[in-house]
Amino acid sequence: HLEYLDDSFSRIAELDNVSQYAQFMELFIKFKKQGKLQEIGEKAKQKAESLFLIKNNINKFEKCLQKVVSQK
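What counts and how
Residues numbered from 1 in each chain as written. Predicted model: local features only at pLDDT ≥ 70, side-chain atom pairs only at ≥ 80, totals over all residues. Heavy atoms only, no water. Salt bridge = Lys/Arg side-chain N within 4 Å of Asp/Glu carboxyl O. Helix = DSSP H or I, 4+ residues; strand = E, 2+ residues; numbered from the N terminus. Buried < 20%, exposed > 50% of the residue type's maximum accessible area, 1.4 Å probe, protein only. Axes fitted to C-alpha atoms, helices over the stretch in contact; angles between N-to-C directions. Contact = heavy atoms within 4.5 Å. Nonpolar A, V, L, I, M, F, W, Y, C, P; charged D, E, K, R; others polar.

A. Main features of the pattern of salt bridges. According to the stated counting rule, one finds three salt bridges in the structure shown. For E39, the salt bridge identified is with K43, shortest N-O distance 3.6 Å. Of this pair, E39 and K43 are both found in helix α2 (residues 37–52), four residues apart, which corresponds to roughly one turn of the helix. The closest approach of N and O atoms between K45 and E49, which form a salt bridge, is 3.9 Å. You can see K45 and its partner E49 sitting in helix α2, four residues apart, about one turn around the helix. A relative accessible area of 43% means that K45 is categorised as partly exposed.

This is the structure:
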């Protein structure tokens, strides 16, 4: 689900690009040493909650249901 990821918390290596993958792993090690890994994890959590928690998406679901019901 690459469409859910962004540069604020993730890195995506090109297919079969082992050196790029290794660079990203080194970057995450550097982030951990700098104390930034938890911040990155929090950004990922916020993104996931905005996309998937029902309380953050209930209005979208209600609008979809209203549209379906009004078409009948």
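B. The packing of α2 against helix α3 (residues 54–70), seen in detail. Running from amino to carboxyl end, α2 crosses α3 at an angle of 35°, the nearest separation of the two axes being 6 Å. Contacts between α2 and α3 involve E49, S50, L51 and F52 from the first element and I54, N56 and N57 from the second. Tallied by class, the residues present in the contact of α2 with α3 amount to three nonpolar, three polar and one charged.

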